[in-house]
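Commentary on secondary and tertiary structure
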Amino acid sequence: MSIRTLLLGVFVAGLSVSTGAQELDADAIVEKANRASYYAGKDGSAKVKMALSDGRSREFAILRRNADEGMDQKFYVYFTAPADVRKMAYLVHKHPGGNDDRWLFLPALNLVKRIAPGDKRTSFVGSDFLYEDVSGRSLAEDAHELIETTDTQYVIKNTPKNPDTVEFSSYTVWIDKATFLPRKAEYLDKNGKLYRRVAASKVEDVKGVPTVMESTVEDLASGSKTVNTFTEVDYDIGLKDRLFTERFLRRPPREVTR
Amino acid sequence: MAIEQISSSPPLRLLLVMGLLSTTAWLHAADIEFHGFGEYRYGERLDDQSLEDDRSLNELRVQGDALWYHDLFAAQLKGDLVCDDVAADRDSIDLETGEGFFDLRQANILISPLSWMDLKAGRQVLTWGTGDLVFINDQFPKDWQSFFLGRDVEYLKAPSDALFVSMFPAVANIDVAYIPRFDADRHITGERLSYWNGQAVVGQDAVLVTDRPNDWFEDDEIAVRVYRNTGAFELALYGYHGYWKSPGGLNPATGQWIFPGLAVYGASARGPLGNGIMHAEAGYYDSFDDRDGNNPFINNSEARLLLGYEREIAADLTMGVQYYVERMLDRDEHIAALESMAMPIDTVRDEDRHTVTLRLTYLAMNQNLVLSCFTRYSPNEKDGYVKPTATYKMSDRWQATLGGNIFFGDDEHTFLSQFKDNNNVDGSVRLSF
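Here goes a summary of the coordinates provided. From a predicted model like this one, the values you see are computed outputs, not experimental measurements.

The rules behind these values
Residues numbered from 1 in each chain as written. Chains lettered and ligands numbered in written order. Predicted model: local features only at pLDDT ≥ 70, side-chain atom pairs only at ≥ 80, totals over all residues. Heavy atoms only, no water. Helix = DSSP H or I, 4+ residues; strand = E, 2+ residues; numbered from the N terminus. Rg over C-alpha atoms; globule rule 2.2 N^0.38 Å. Buried < 20%, exposed > 50% of the residue type's maximum accessible area, 1.4 Å probe, protein only. 1 Å grid on protein atoms, 1.4 Å probe; cavity = no way out; pocket = protein on both sides within 12 Å on 5 of 7 lines; lining within 4 Å. Points joined across faces, edges and corners; volume = space filled by probe spheres on them. Nonpolar A, V, L, I, M, F, W, Y, C, P; charged D, E, K, R; others polar. Salt bridge = Lys/Arg side-chain N within 4 Å of Asp/Glu carboxyl O. Contact = heavy atoms within 4.5 Å. Buried area = accessible area lost by both parts, 1.4 Å probe. Polar contact = N/O pair within 3.5 Å; in protein donor to acceptor, adjacent residues only side chain to side chain. Patch = residues over 30% accessible without salt bridge, like charges linked within 9 Å, V, L, I, M, F, W, Y side chains within 5 Å. Areas by Shrake-Rupley, 256 points an atom, 1.4 Å probe, with all protein chains shown as cover. Pairing = 2+ DSSP bridges. Phe/Tyr/Trp six-rings, centres within 6.5 Å; stacked < 30°, edge-to-face > 60°. Lys NZ or Arg CZ within 6 Å of the ring centre and 35° of its normal.

Before going further, it helps to examine the overall build of chain A. In terms of helices and strands, chain A carries four helices and 13 strands. A globule of 258 residues ought to have a C-alpha radius of gyration of about 18 Å, and chain A, at 18 Å, matches this closely. Seen along its three principal axes, the alpha-carbon backbone of chain A occupies a region of about 55 × 40 × 30 Å. Across the 258 residues of chain A, 57% fall into the buried class.

Written as structure tokens, this is what we have:
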């Protein structure tokens, strides 16, 4: 399940949940959490500031648009800091279950570079977040087990179906019953030791959508930490599909330069 | 400016710097993004040779980049103030060749007059095509001198003074670049890098003299690209009409190097294959000033083909491979013409120049250290080129690099081997703001 991320957890859908006595199974919960974390609204935008523990930072504006049908999505990321990535634009056509199509625009060369599919469990722009945290991990890659239900949260244990492709042995996610937003995820290494924690440290309501406004990832082995702060979050702003093309890689749209 | 030779006296230079500073202040007041960097870069040759200075680079550079995003337009002004200790002439400015203490990189305005049209006018950097350091249909100017001296890869692309129109009707995207006056490559001249002049390897003793097409709206260039995506594949067709971008011929009467007429027609495709990205690109070079190939002083027409593949081979390690071939289309006629004039034919290149390239890129230390090595080798010319670079980001503001440019080969006259006396290493420190 894709929640360790919360980077895009900013686009959280407030899926109305029939809270009655009806019990959900683990697969239904992770499905709802996935939608809450990554698919809120038809589209969305936000400004993101990543603070790395070594004093470095990354700042970017992000646009997202859901496909009209199915689970495909398009993302546009426009970097504003630091200097070495400023004005770079990054375009992702996300295909859950397959390889994403990715492009990077290098402004100094006016070059649109196609990026080869990579290991999704490597760092996103040098932070403690992983690419998979940002883009979402395919639900089909893990077996999901509901290990506890509290008054307010579901606790789901996720075990990878192909353990050789990932560095963890399992991870556990705490999901809010009311919003289906994942609030915390903890990763165990191959020896069963806790080594990584992702938390949604601040959640606010944006246009009626419970939205993660701050998320934190901690690498407990190295002691490093990255804090994401989201501002100017918005949903259903009418982003056009044509915005997620080479044209707007080469000339960033007003939606990100304003 | 007809030709951008600004004669320079120290007062004028001071005026220019003051102008830039006051512009900066104004930009800030108008709430315009202003950024840039200061950089010191030093490079030294590995081999003693008498043809060039021992130092390949010793320069201080300050770049300013102003951007103004507005609802109606976007405007950019970007330039470098350069204190280049190795350059022979540091006082005059030539905005065309980038020589002198100021290099104007960008000065353009972008508007969208129609929802399906963008228009960018002014000085700009233009790029298209699929190759990694192999350019078939990208006929926009390159600065090979900067690249081989070890400046940042940003400087491989020289700016164009162009009108660039992009149209986005539903069927395909169309780009048209009109360059009203020919923009040549910032090619190798012998001043900083020695080269094969047809008879010998020469340098500062025989700086190349060119006769460049120079008339506005007469000596112009036009480049067109039509492209569209089919699924995850990007397909493109290209056309170009202009001149060989680096000297492609000689005027035997004057001894000056010339830029003969050139038209290029080509196509490319790029998309996913397996767990990587493949690209393919081809071009037909119509050297129309010597279409029959029987003028020994003008480049033959050529056919060029590129096939490439890139994929991640381990976490944070990416490998790209390319095969590239350039075929002379009228080599027999070229040789016959040389023989008829009793000129030597032993240094005429092979009909096909085969090339393979390999690039390895490794990200380490939370991506703060980027190690990259680009290698190019021609099995039939038995020569090659290696460009290793290491970039370390010390912080968000400070960055240091080490790099090298190593040429090797058996002969003196082949494409890469001619530069083998220029092997160099360089290092830089950059502070961004």
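Let's shift gears to empty space enclosed by the protein. According to the stated counting rule, one finds six cavities of 30 Å³ or more in the structure shown. Its boundaries defined by the atoms lining it, the second largest cavity holds a volume of some 160 Å³. For the second largest cavity, the lining is made up of 18 residues, of which Glu-246 of chain A together with Arg-225, Glu-234, Tyr-238 and Arg-270 of chain B are closest to its centre. Among the secondary structure elements, those contributing two or more residues to the lining of the second largest cavity are strand 6 (111-115) and helix 3 (246-250) of chain A together with strand 13 (221-230), strand 14 (233-243) and strand 17 (261-273) of chain B. In terms of residue class, the lining of the second largest cavity is made up of seven nonpolar, five polar and six charged.

Glancing now at the pattern of salt bridges. Enumeration according to the criterion identifies 60 salt bridges over all chains in this entry. When the shortest N-O distance is used, the salt bridge between Arg-327 of chain B and Asp-352 of chain B registers 2.7 Å. Here Asp-352 of chain B lies in strand 21 (residues 352-364) and Arg-327 of chain B lies in strand 20 (residues 317-328), a separation of 25 residues in the sequence. On the basis of relative accessible area, Asp-352 of chain B is assigned to the buried category, the value being 15%. A single salt-bridge network, built from bridges that share partners, covers Arg-121, Glu-132, Arg-137, Glu-141, Asp-142 and Glu-167 of chain A.

This next bit is on the interface of chain A and chain B. Facing the 39 residues of chain A at the interface are 50 residues of chain B. Summed over both sides, the interface between chain A and chain B buries roughly 3500 Å², with carbon and sulfur atoms accounting for 41% of that surface. Looking at the side of chain A facing chain B, the largest losses of area belong to Arg-56, Arg-114 and Arg-247 of chain A, adding up to 20% of the total buried there. Along the contact surface separating chain A from chain B lie 12 salt bridges. Here Asp-65 of chain B and Lys-87 of chain A are joined by a salt bridge, their closest N and O atoms 3.0 Å apart. If you look at where chain A meets chain B, you find 27 residue pairs in polar contact (both at pLDDT 80 or more).

Our next topic: a nonpolar patch on the surface. On the surface, a cluster of nonpolar side chains totalling about 270 Å² of accessible area is made up of Ile-313, Val-321, Leu-358 and Leu-360 of chain B. Structurally, Leu-358 of chain B can be placed in strand 21.

Here the focus is the pairing of strand 6 (residues 102-114) of chain B. All names here are of chain B. Bridge count between strand 4 (residues 74-84) and strand 6: eight bridges; the pairing is antiparallel. Across the sheet, Asp-80 pairs through a bridge with Asp-103, a residue of strand 6. Direction of pairing for strand 6 relative to strand 7 (residues 117-124): antiparallel, over a ladder of six bridges. For Leu-110, the partnering residue across the bridge sits in strand 7 and is Lys-120. Counting the residues in the hairpin turn of strand 6 and strand 7 gives two residues.

On to the pairing of strand 10 (residues 182-188) of chain A. All names here are of chain A. With six bridges joining them, strand 9 (residues 170-176) and strand 10 adopt antiparallel strand pairing. Note that in strand 10 the partner of Tyr-171 across the bridge is Tyr-187. Where strand 10 folds back on strand 11 (residues 194-206), the antiparallel hairpin that results is connected by five residues, among which Gly-192 adopts a positive phi of roughly 85°.

Moving on, we come to the packing of aromatic side chains. Counted under the stated rule, the structure contains 28 aromatic pairs over all chains. Between Phe-182 of chain B and Tyr-243 of chain B, the ring centres sit 4.9 Å apart and the planes meet at 55°, which makes this aromatic pair tilted. Separated by 61 residues along the polypeptide, Phe-182 of chain B in the loop between strand 9 (173-179) and strand 10 (195-196) and Tyr-243 of chain B in strand 14 bring together distant segments of the chain. Here the two residues Phe-182 of chain B and Tyr-243 of chain B agree in accessibility, since each one is buried. Ring-pair connections join several aromatic residues into one group, and the members of that group are Phe-135, Trp-144, Phe-147, Phe-148, Tyr-385, Phe-407 and Phe-419 of chain B. Above the plane of the ring of Trp-174 of chain A lies Lys-184 of chain A, whose end atom (NZ or CZ) is 4.3 Å from the centre.

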